[in-house]
Amino acid sequence: AADVNLEFNVDNSVVAPDGFNRAGVIVNRVFPGTLIQASKNDVLHIKTNNNLTDPDMRRSLSIHWHGLFQMRTASEDGPAFVTQCPIAPQHSYTYDIPLNGQAGTFWYHSHLSSQYVDGLKGPLVIYDPEDPHLSLYDVDDENTVITLSEWYHLPSVGIEEKYLNVNPFHEPIPDSGLINGVGRFKGGPQVPWARINVEHGKRYRFRIINISAYALFTFSIDQHKLTVIEADGISHEPLPVDGFEILVAQRYSVVLEANQPVGNYWISGPMTMQHSSDNKNLDTQNVFAVLHYVGAPDADPPSKPKGGVKLLDESNLVPLVNPEAPGGSGPADRVLDLNFHRDANTGELEASANFIGFCWTINDIKYESPDLPTLLNIMVNNFTNENQFTPSEHTFVLKRDEIVEVHIHGSANGHKHPFHLHGHVFSVVQAMTGAPNFANPPQRDVVGVGGSTVIIRFKADNPGPWFLHCHIDWHLVAGLAVVFAEDPEGQRSGPKSEIIKQEWLDLCPIYQALP
Ligand code: C2O
């Protein structure tokens, strides 16, 4: 275990990942943000300096460390107004995060409105010297981390405004798709595709992360098998596939054997999203990078990828350690039914005098951020019962250690909604496909919900307020979220380390004093 001291300088800067210049929000002057590398059991200290100045974008910020449990450190989780007030411009905050044995592939992103769309996001990898899959690969380094993302030519504040207020309430359509921060838009320059170099005969661990706000990617590498060994920070039994769908915020590690003739091969990530024809600039299909064998000519692959690949069926993933769902197939202590839908009466609403914009609801409630973070209300104002939170905070109080089963009832409107729970992994006891499975269901922190009911299980063993939300960022800002407040009393009487830092307490008064 080591202390890893990092400094994040968050700046506005012109970026051009697809050849189009626009102002963005970046970390340590690279896009996407700088890669964090750590080892299991390290403690991260990330001094985050907010240098944002651009009046056309949000100038406060907060950062979430996606997939890290934050066991007894809920104050460091990052979602604005759930666990902290945003960091005001020209101020700093140091996130102190013990990794507590977690290892795998993660990422970080702004968790203030739709700010991460502008670039405030990046990969986070925790290496495990005792990784159970260690014998399966030879190389696992910073060159084998692959990020997938869509990209917009306009700042997020404006597109979010338009999405929430203007018919036809279509999700904003990006201008391009990026692999490792590089892409092309129709009519734009032929920006060279990102390149991943491999040596013939070696076995590589590739870590693929969808850092998008909307797009689902279908990932494959031409003429190469991929063996999935990790989903969302959890090791799973090796499962060979040709490719996989990866929803927003999901991660997979795969083993790739560089066993094909020395040459160049397409890494492809075509994108799927509703209403994509709304933007004529967007080419959803030609989103590429190049797998380059050392010794091959410095060129793009000669032909298009073959396609027709056999994709991963998520329900076939089997966790390697502790495979059983919490509580097995016995009854859960608490069952929650969540029905979500988008506001249907768009025409009517817009015409009416009290039109407040479009929204998404869960059990007919649109989640709205409170003025004071949920965690502050728990720790300082002694909130204990559900009825102390305002209804629009849509907060469920969970008892210590209860087995919680959440039934997320999808609506058949074409989207696969990536639902993410903070503070935990969950068992996917009923995925979008396959039969219910309590014996050895996949474990992850983002699950897709389509037109059917998806069921997840977890144990409420981590005191703190944890967001459960759709990770399509446009849906989150439109209200598609709830909060689970686990054991508020236990949290208040918890160990010393849980007592809130002065620096954390100062965030709210500083933020509230902003002009
Ligand atoms: Cu990737 Cu609420 O988080």
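From a predicted model like this one, the values you see are computed outputs, not experimental measurements. (Residues numbered from 1 in each chain as written. Predicted model: local features only at pLDDT ≥ 70, side-chain atom pairs only at ≥ 80, totals over all residues.)

Chemist: Help me understand the overall build of the chain in this model?
Modeler: Counting its regular elements, the chain contains 6 helices and 32 strands. Taken against the 2.2 N^0.38 rule, which gives 24 Å for 515 residues, the C-alpha radius of gyration of the chain at 22 Å falls within 12% of a compact globule. Projecting the C-alpha coordinates of the chain onto the three principal axes gives extents of approximately 65 × 50 × 45 Å. Partitioning the intrachain contacts of the chain with sequence separation of at least 6 by distance along the chain shows that 79% fall at a separation of at least 24. (Helix = DSSP H or I, 4+ residues; strand = E, 2+ residues; numbered from the N terminus. Rg over C-alpha atoms; globule rule 2.2 N^0.38 Å. Contact = placed C-beta atoms within 7 Å.)

Chemist: Would you explain the UniProt feature "domain: Plastocyanin-like" (unreviewed entry) in the chain in this entry?
Modeler: As recorded in UniProt, the sites labelled "domain: Plastocyanin-like" (unreviewed entry) are residues 11-130, 142-296 and 369-489. This span, residues 142-296, is 6% helix and 46% strand, and a straight line between its end C-alpha atoms measures 22 Å. A distance of 22 Å separates the end C-alpha atoms of residues 369-489, which is 11% helix and 39% strand. (UniProt positions renumbered as here; feature names shortened; annotations may be inferred.)

Chemist: Mind showing me how you'd approach the sheet that holds strand β3 (residues 36-39) here?
Modeler: Strand pairing in a sheet relies on backbone hydrogen bonds, with the paired strands running either antiparallel or parallel. Taken together, 4 strands build an open sheet; the order of strands is β3-β8-β7-β5 and the sheet is mixed. With partners counted over all chains shown, the strands left at the sheet margins are β3 and β5 (63-66), one partner each. Across the sheet, the axes of successive neighbouring strands diverge by a mean angle of 20 degrees, strand direction being ignored. Note: β5 against strand β7 (residues 104-110), 4 bridges, orientation antiparallel. Considered in β7, the bridge of W65 is made with Y108. (Pairing = 2+ DSSP bridges. Axes fitted to C-alpha atoms, helices over the stretch in contact; angles between N-to-C directions.)

Chemist: I keep staring at the nonpolar core and nothing clicks. Help me out?
Modeler: One broad trend across soluble globular proteins is that nonpolar side chains are buried collectively. In this structure, L148, I179, I208, V254, I267 and I456 are the most contacted members of the largest nonpolar core, which totals 141 residues. With 5 residues, strand β32 (residues 481-486) is the largest single contributor of residues to this core. Filtering out sequence-adjacent residues up to four positions away, L148 remains in contact with I179, I208, I209, N210, I211, S212, F217, F219, I246 and G269. (Core = buried A, V, L, I, M, F, W, Y, C linked by C-beta atoms within 7 Å. Buried ≥ 20, exposed ≤ 12 C-beta atoms within 10 Å, placed from the backbone.)

Chemist: Please clarify how the sheet that holds strand β24 (residues 395-398) should be interpreted in this entry.
Modeler: Spatially, the 5 strands line up as an open sheet ordered β24-β32-β31-β26-β29, and their pairing is mixed. Edge positions in the open sheet fall to β24 and β29 (446-449), since each of these has one partner strand only. Taken pair by pair, the neighbouring strands of this sheet meet at an average axis angle of 20 degrees, ignoring direction. Strand direction decides the pairing type here: β24 and β32, joined by 4 bridges, are parallel. Residue pairing for β32: V397 is matched across the bridge by A485.

Chemist: How do you make sense of the pairing of β32 when you look at a structure like this?
Modeler: Across a regular strand the side chains alternate sides, sitting on one face of the sheet and then on the other. Most of β32 sits inside the fold, with 6 of its 6 residues counted as buried. Here β32 shows no split at all, with A481, V483 and A485 on one side and V482, F484 and E486 on the other all buried. Where strand β31 (residues 464-470) meets β32, 6 bridges bridge the pair, whose relative direction is antiparallel. The residue bridging F467 from the neighbouring strand is V483, located in β32.

Chemist: Can you walk me through helix α1 (residues 156-165) in this structure?
Modeler: Residues lying three or four places apart along an α-helix face the same way, a consequence of the helix completing one turn every 3.6 residues. Among all positions in α1, only S156, E160 and Y163 are buried. Buried residues along α1 cover an arc of 60 degrees about the axis, so they all sit on one side. In this structure, α1 carries E161 and K162 as exposed residues pointing more than 90 degrees from its buried face. Those residues of α1 that are buried lie in contact with α4 (473-477). (Arc of directions from axis to C-beta.)

Chemist: What should I look at first to understand the environment of V254 in this one?
Modeler: Structurally, V254 is set in strand β18 (residues 251-257). Along the primary structure V254 and R205 are separated by 49 residues, whereas in three dimensions their C-alpha atoms are 5.6 Å apart. Not counting chain neighbours up to four residues away, the residues in contact with V254 comprise F206, I208, L226, T227, V228 and I229.

Chemist: I would appreciate a short explanation of unusual backbone geometry in the present structure.
Modeler: Across residues other than glycine, the phi torsion is negative in most instances, and most of the peptide bonds are trans. The residue after F31, namely P32, is reached through a cis peptide bond having omega -15 degrees. If you trace the backbone, P32 turns up in the loop between β2 (22-27) and β3. Cis geometry marks the peptide bond from N167 to P168; its omega dihedral reads 5 degrees. Tracing the sequence through the fold places P168 in the loop between α1 and β10 (176-179). At N180, a position not held by glycine, the phi torsion is positive, near 50 degrees. Not every positive phi belongs to a glycine, and D232 is a case in point at roughly 50 degrees. Summarising the element assignment, D232 is placed in the loop between β15 (226-231) and β16 (234-241). Looking at D232, the number of C-beta atoms within 10 Å reads 25, which means it is buried.

Chemist: Mind showing me how you'd approach the pairing of strand β26 (residues 417-421) here?
Modeler: With 5 of 5 residues buried, β26 is to be regarded as a mostly interior element. Of the two faces of β26, the one carrying H417, F419 and L421 and the one carrying P418 and H420 are both buried. In the sheet, β26 pairs with β29 via 4 bridges, with the strands oriented antiparallel. By the bridge assignment, P418 is partnered in β29 with G448. Bridge analysis of β26 against β31 gives 3 bridges, and the strand direction is antiparallel. Note on β31: the bridge partner recorded for L421 is L468.

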